[in-house]
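Per-entry structural report
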Amino acid sequence: MRVKSIVCVKRVPDTEARVRIAADGQSIETAGVKFVLNPYDEFAVEAALKHKEAAGAGDVTVLSVGGGESAETLRTALAMGADAAVLLKSAGPLEGLAVARVIAEEVKGREYDLLLFGMKAIDDDLQAVGPMVAELLGIPAATAVTEFSVEGGKATATREIEGGSEVVELKLPCAITLTKGAYEPRYASLKGIMAAKKKPLEEKPAAGGESGVKVEKLSYPAERSAGRIVGEGPDAVPELLRLLRNEAKVL
Amino acid sequence: MAGIMAFAESRDGEVRKVAHEVVTAARKLADALGTEVHAVVLGPAGSAAAAGELGGFGADKVFVGESDAFAHYSAEGFTTVLAAFLKEHGCDAALFPASAQGKDLAPRVAARLGVGYASEATALDVGGGQVVATRPEYAGKLFAKVSFAGKPAVVSLRPNVFTPVESAKAGEVQKLDVSVNAADFGAVVREIRAAAEAKLDVGEAPIVISGGRGLQNPDNFKLLEELAAAFGGRAAVGASRAVVDAGWRPHGDQVGQTGKTVAPTLYFAVGISGAIQHLAGMRTSRFIVAINKDPEAPIFKVADYGIVGDLFQILPRLTEEVRKMLA
Ligand SMILES: Cc1cc2nc3c(=O)[nH]c(=O)nc-3n(C[C@H](O)[C@H](O)[C@H](O)COP(=O)(O)OP(=O)(O)OC[C@H]3O[C@@H](n4cnc5c(N)ncnc54)[C@H](O)[C@@H]3O)c2cc1C
Ligand SMILES: Nc1ncnc2c1ncn2[C@@H]1O[C@H](COP(=O)(O)O)[C@@H](O)[C@H]1O
C-alpha cells in the first residue's frame, strides 16, 4: 500500500506574540513578531508522516499560500520529514475562501490519497479552509479529527463532537482537518534540518483567489474591568457568592 | 424573496439549545433588515416533532427535511439541501451554530455557493443594508468586523453569546423536499461514542469549572465535579492543557488555544496559572472567577473575582455554600 498526502500549512504569529493592529486598521503589525508553523498544521504533517511510514510507501507534499517568508515555514515541515514543498505566492494575506480557491486550483491536477489541514489557523481562527477546499474539489471531508486509519481505499476518522466523538468513514481521496490527538509532532532533527535544505521547494504565483469577505476594521477587545481579590481562603466564599448573585447577577 | 436562514441543529430528534440561540440571532437580524426567519431542521423521520418550538424564539417558518439518508449528520447531504434552499429563497444570511456540526457544515455551504464565511461570530449588525459580523481573531486578542462580498452572508455563532429570547412567531412547519441518496455520500458517520457519562460539553455549558495542575492528581477532579453538580446540571468541568497532557482529563475537556474556546456566563479557573494559551480559550467568558494560592498568578489579571488560597480548603466550602444558595 501507499499513502500519498498533501498537507496545507500556514505561517502564523507564535501563540505568545503580542498582536498589534497596523496603521490601516485592517491588518496586523508584523515587524518584530515571531512566526511559526501553525500548531494544528504540525499535527497534520505528523499524521501524514505516520501514515506514509505505516504504509511503507508514498510521499508527503506540503503546500502553503502566502508571501516569500512562508518558504521558511515549508522548510520547517520539510525538516520534520516531508518530501517536497510548494509555495503559492500571493501579494498580501488572503481570506479563507480565497485561500481555499487557490489551494483547490493547485491540488486539482495532483494525485493524492489524503489532503490534510490543521483544524484551524491560529491567526484568523476561521476553521474553514479544509472543508471549503473539500467542497470545491467535490471530495468528502472530516473536521476536528483526533486520529484516523487508512485502509482499503478508505479512511476511518474519529472526530470530536460535543460530549463525545463520532467515527466517520471516508472514501479516498478525502480531506481531513486535525486537532490535538494521536499525532504528537516530532521535532526536526539536525539531520532533518540539513536534509530539508536540499529538498525541492517549488514557488509559483497563487492563481484565482477571489475573496468572499473583507475585514473592515480590527479592534482590541474591551479591557476586562480590573478584577478584584475578594479575599483569602474559604472565608471569602460567602462574599464571592454574594457578588456573583447581586453584582454580576449570574446566580 | 429573501429571509434569514437559521440552521436549527438537532440530535436524537431534539432541537439543540444552540438552535434557540441561532434562531434568536436570526430574528434580530431579520427585524433589522425587515425580512423573515426561516429555520431549517434536517434529520431522520420524526424530526418535525421538535421543530414547532422554534416559533417561540422567532422563526416565521420552520422547514423540516426528513430523510433516511439523515439518520446521521452528513456534511455532503446537508450541504446539498441547504445550498438549494438558500438559492431558492435568495436569503440574505445563513446562520449556523459554531458547534462541531455547524463548523463542519457552514464552510461547505459557503464554498458550494461561492460566498464568504465568518466563523464564531460574537455580534451581528446591519450597516448600509448589509450584514456585518464581529468575530474574534488571534485567539481573542483582536476582534474583526467583517463584511460580505455576496449573498447569503454565511456565519456561525459562538455558543452562549446570543442569549435565547422568547418571541412568539407563527413558526409554521413546512415540509422540505430532500432528494439526496446516502449511497452518494463519500463520508458516512458509522458510530457516535458518548463520553463515559452523558455530560454537558464545556463548549456549550453556561457555567464552566476548569481545573489545572494545582489539583495535583486526577482523583481530585471530583472536587470540581461536586461543585458542578451543585449547580444542578448547568455546569461542565474543563481542564488546562497541563492536566490533559498528563492524561488526567480527556482532550475534549481542554480549554485554550489547542483546546476548546468557551464563552460561558461564569468561568471558574481553579489551580490554573493563566498562561496566554489558556486565556485564549476563555477570555470572552462573561464572568471569570479565579482560585489560586499564588496572588501573583496571571489568571488574576483577567478574573473579575479572585480568591487567594488553597483550593483544597476553598472548594468544599464553595460547593457547600452553592448547594445552600440554590436549594
Ligand atoms: C502551542 C501551545 C498551545 C497551548 N495550548 C494550551 C491550551 O489549549 N490550554 C491550556 O490550558 N494551555 C495550553 N498551553 C500550555 C500553557 O502554556 C500552560 O503550560 C498551561 O496552561 C499550564 O497549565 P496549568 O495552569 O494547569 O499549570 P501551571 O502553570 O503549573 O499552574 C498551576 C497553578 O496552580 C496553582 N496551585 C497549585 N497548588 C494550588 C493549591 N493547592 N491551591 C490553589 N492553587 C494552587 C499554582 O499557583 C499555579 O498557578 C499551550 C502551550 C503552547 C506552547
Ligand atoms: N495560507 C494558507 N496556506 C496553506 N494552508 C492554509 C492557509 N490558510 C489556511 N490553511 C490551512 O487550512 C487550515 C485551517 O485554516 P483556517 O480555516 O484559516 O482556520 C490551516 O490549519 C491550514 O492547514
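Cut-off values and rules
Per chain, residues are indexed from 1 in the order of the written sequence. Think of it this way: whatever chain is written first is A, whatever ligand is written first is 1, and the rest follow in order. In keeping with the predicted nature of the model, local features appear solely for residues at pLDDT of at least 70, side-chain atom pairs appear and are counted solely at 80 or more, and the whole-chain, interface and lining totals rest on all residues. Calculated side-chain values reflect all of the structure's heavy atoms, with hydrogen atoms and water omitted. Starting at the N terminus, helices and strands are each numbered in turn, a helix being any DSSP run of H or I of at least four residues and a strand any DSSP run of E of at least two. In this scheme, a residue with accessible area under 20% of its type's maximum is buried, one over 50% is exposed, and one in between is partly exposed, where area comes from a 1.4 Å probe on protein chains only. Contact definition: two residues touch when any of their heavy atoms are within 4.5 Å. The Shrake-Rupley method, run with a 1.4 Å probe sphere, supplies the accessible areas, and residue values consider only the shown protein chains as cover. When charges are counted, Lys and Arg contribute as positive and Asp and Glu as negative, whereas His and the chain ends are disregarded. Note on charges: their place is set at NZ of Lys, CZ of Arg, CG of Asp or CD of Glu. Pairs of strands are assigned from DSSP output, requiring at least two bridges between the strands. Here an angle of 0 to 180 degrees is reported between the N-to-C directions of two axes, which are lines fitted to C-alpha atoms, with helices fitted over the stretch in contact. Criterion for a salt bridge: a side-chain nitrogen of Lys or Arg within 4 Å of a carboxyl oxygen of Asp or Glu. An automatic or database domain assignment supplies the residue ranges for each domain. By buried area we mean how much accessible surface two parts lose on assembly, using a 1.4 Å probe and totalling the loss over both. Basically, the charged four are Asp, Glu, Lys and Arg, the nonpolar ten are Ala, Val, Leu, Ile, Met, Phe, Trp, Tyr, Cys and Pro, and anything else, Gly included, counts as polar. To estimate how far a helix should extend, the number of its residues minus one is multiplied by 1.5 Å. The rule for a residue being near a molecule or strand is that one of its heavy atoms must lie within 4 Å of it. For the purposes of these results, a polar contact is taken to be a pair of N or O atoms within 3.5 Å, where, inside protein, one atom must be able to donate a hydrogen and its partner to accept one; residues adjacent in sequence count only when each atom of the pair is a side-chain atom. Cavities and pockets were defined on a 1 Å grid built from protein atoms only: a cavity is a group of points that admits a 1.4 Å probe but offers it no way out, a pocket is an open group of points flanked by protein on both sides within 12 Å along at least five of seven lines, and a lining residue is one with an atom within 4 Å of any such point. Just a note on the criterion: a molecule sits in a pocket or cavity if more than half of its atoms are within 2 Å of the grid points. Paired rings are identified among Phe, Tyr and Trp, the last through its six-membered ring, by centres lying within 6.5 Å, and are further divided according to the angle between planes into stacked (under 30 degrees), edge-to-face (over 60) and tilted (the rest). Over a ring means this: the NZ of a Lys or the CZ of an Arg is within 6 Å of the ring centre and within 35 degrees of the ring normal.

Brief notes about the overall build of chain A
Along its length, chain A carries 6 helices and 13 strands. Across its three principal axes, chain A shows a C-alpha extent of roughly 65 × 45 × 40 Å. Looking at chain A as a whole, 56% of its 251 residues qualify as buried. Within chain A, counting contacts between residues at least 6 apart in sequence, those at least 24 apart form 70% of the total. When the accessible area of chain A is evaluated, it comes to approximately 10700 Å², of which 51% is carbon and sulfur surface. For chain A, the separation between the mean place of its 32 positive charges and that of its 37 negative charges on side chains is 2 Å.

Details of the sheet that holds strand E7 (residues 141-151) of chain A
Adjacent strands of a sheet form backbone hydrogen bonds with each other and so pair up, either parallel or antiparallel. Read from one edge to the other, the open sheet built from 10 strands follows the order E11(A)-E5(A)-E4(A)-E1(A)-E6(A)-E10(A)-E7(A)-E8(A)-E9(A)-E13(B), with strand pairing classed as mixed. Of all strands in the sheet, those with a lone pairing partner are strand E11 (201-205) of chain A together with strand E13 (187-194) of chain B, marking the two edges. Looking at each pair of strands side by side, their axes are set apart by 25 degrees on average, direction ignored. In this sheet, strand E5 (residues 84-89) of chain A lies alongside strand E4 (residues 58-66) of chain A in parallel orientation, the contact comprising 6 bridges. Note on E5 of chain A: the bridge partner recorded for Ser64 of chain A is Leu87 of chain A. Its contacts with the sheet put helix H4 (residues 129-137) of chain A on strand E6 (114-118), E7 and strand E10 (174-178) of chain A, and the angle it makes with E6 of chain A is roughly 150 degrees.

Some words on the pattern of salt bridges
All names here are of chain A. Overall, the coordinates contain 46 salt bridges over all chains when judged by the stated rule. Here Lys50 and Glu46 are joined by a salt bridge, their closest N and O atoms 3.1 Å apart. With Lys50 and Glu46 both in helix H1 (residues 39-55), this residue pair falls 4 residues apart, about one helical turn. A residue is classified by how much of its surface remains accessible, and Lys50, at 35% relative accessible area, is partly exposed. For Lys204, the salt bridge identified is with Glu106, shortest N-O distance 3.0 Å.

A word on the domain arrangement of chain B
Residues and elements named next belong to chain B. The assigned domain composition of chain B is domain 1 (4-184) and domain 2 (207-326). Using only C-alpha atoms to locate each centre, domain 1 and domain 2 end up separated by 32 Å. The interface is formed by 9 residues belonging to domain 1 together with 9 residues belonging to domain 2. In this assembly, domain 1 packs against domain 2 so that about 680 Å² is buried in total across both faces, 52% of it on carbon and sulfur atoms. Sorting the residues of domain 1 by area buried against domain 2 places Ala139, Arg158 and Asn160 first, and these three jointly supply 60% of that buried surface. Summed over the shared surface of domain 1 and domain 2, the result is 0 salt bridges. Its residues assigned to classes, the side of domain 1 that touches domain 2 shows 4 nonpolar, 3 polar and 2 charged.

Concerning helix H3 (residues 75-89) of chain B
Each α-helix winds once per 3.6 residues, and so residues spaced three or four apart point in a common direction. Residue and element names in this part refer to chain B. If you check H3, its first and last C-alpha atoms are 21 Å apart, about what 15 residues at 1.5 Å a residue would give, namely 21 Å. Burial within H3 is extensive, with 11 of its 15 residues counted as buried. Of all the residues in H3, the buried ones are Ala75, Glu76, Gly77, Phe78, Thr79, Val81, Leu82, Ala83, Phe85, Leu86 and His89. Among the residues trailing H3, Gly90 stands out with phi positive, at a value near 55 degrees.

Quick look at unusual backbone geometry
For the peptide bond that leads from Leu172 of chain A to Pro173 of chain A, omega is -5 degrees, which places it in the cis range. Within the secondary structure layout, Pro173 of chain A lies in the loop between strand E9 (164-171) and E10. Of the consecutive residues Lys151 of chain B and Pro152 of chain B, the connecting peptide bond is found in the cis state with omega at 0 degrees. By secondary structure assignment, the location of Pro152 of chain B is in the loop between strand E10 (142-148) and strand E11 (153-157). A positive phi is found at Ala144 of chain A, a non-glycine position, where the angle reads about 55 degrees. Secondary-structure assignment places Ala144 of chain A in strand E7. You will see that Gln216 of chain B, though not glycine, has its phi angle at about 75 degrees, which is positive.

Observations concerning the sheet that holds strand E8 (residues 123-127) of chain B
In spatial order, the strands read E12(A)-E10(B)-E9(B)-E8(B); together these 4 strands make up an open sheet with antiparallel pairing. The strands lining the two open edges of the sheet, one partner per strand, are strand E12 (213-219) of chain A together with E8 of chain B. The sheet shows a mean angle of 30 degrees between the axes of neighbouring strands, direction not considered. Note: strand E9 (residues 130-137) of chain B against E10 of chain B, 6 bridges, orientation antiparallel. Within E10 of chain B, the position partnered with Thr134 of chain B by the bridge is Lys145 of chain B. Set on the sheet, helix H1 (residues 17-33) of chain B makes contact with E8 and E9 of chain B; between it and E8 of chain B the angle comes to about 10 degrees.

What to know about the site of ligand 1
Residues and elements named next belong to chain B. In the vicinity of ligand 1 lie 25 residues, with Ser240, Thr258, Ser273, Gln277 and Asn292 positioned nearest. Between an oxygen atom of ligand 1 and a main-chain N or O atom of Gln257, the distance comes to 3.0 Å. Leu311 places a main-chain nitrogen or oxygen 2.9 Å from a nitrogen atom of ligand 1. Computed on the free molecule, ligand 1 has an accessible area of 1000 Å², of which 79% lies beneath the protein chains in the complex. Assessed atom by atom at 2 Å from the grid points, ligand 1 resides in the second largest pocket. Among the secondary structure elements, those contributing two or more residues to the shell around ligand 1 are helix H6 (241-245), helix H7 (276-282) and helix H9 (311-326). Along the lines of polarity and charge, the residues of the shell around ligand 1 split into 6 nonpolar, 14 polar and 5 charged.

Let's talk about the pairing of strand E8 (residues 154-161) of chain A
All names here are of chain A. Among the 8 residues that make up E8, 6 are buried, leaving the element largely enclosed by the rest of the structure. As judged from the 6 bridges shared by E7 and E8, these two strands associate in the antiparallel manner. Its bridge partner lying in E8, Phe148 is registered against Ala157. Where E8 folds back on E9, the antiparallel hairpin that results is connected by 2 residues, among which Gly163 adopts a positive phi of roughly 70 degrees.

Quick look at the packing of aromatic side chains
Evaluated as defined, the whole model comprises 10 aromatic pairs over all chains. Seen from their ring centres, Phe63 of chain B and Phe85 of chain B are 4.9 Å apart, and the 70 degrees between their planes marks the pair as edge-to-face. A residue pair is termed long-range when its members are at least 10 positions apart, and Phe63 of chain B in strand E5 (residues 61-66) and Phe85 of chain B in helix H3 qualify at 22 residues. One residue, Arg11 of chain A, lies across the ring of Phe35 of chain A, its end atom 3.9 Å from the ring centre.

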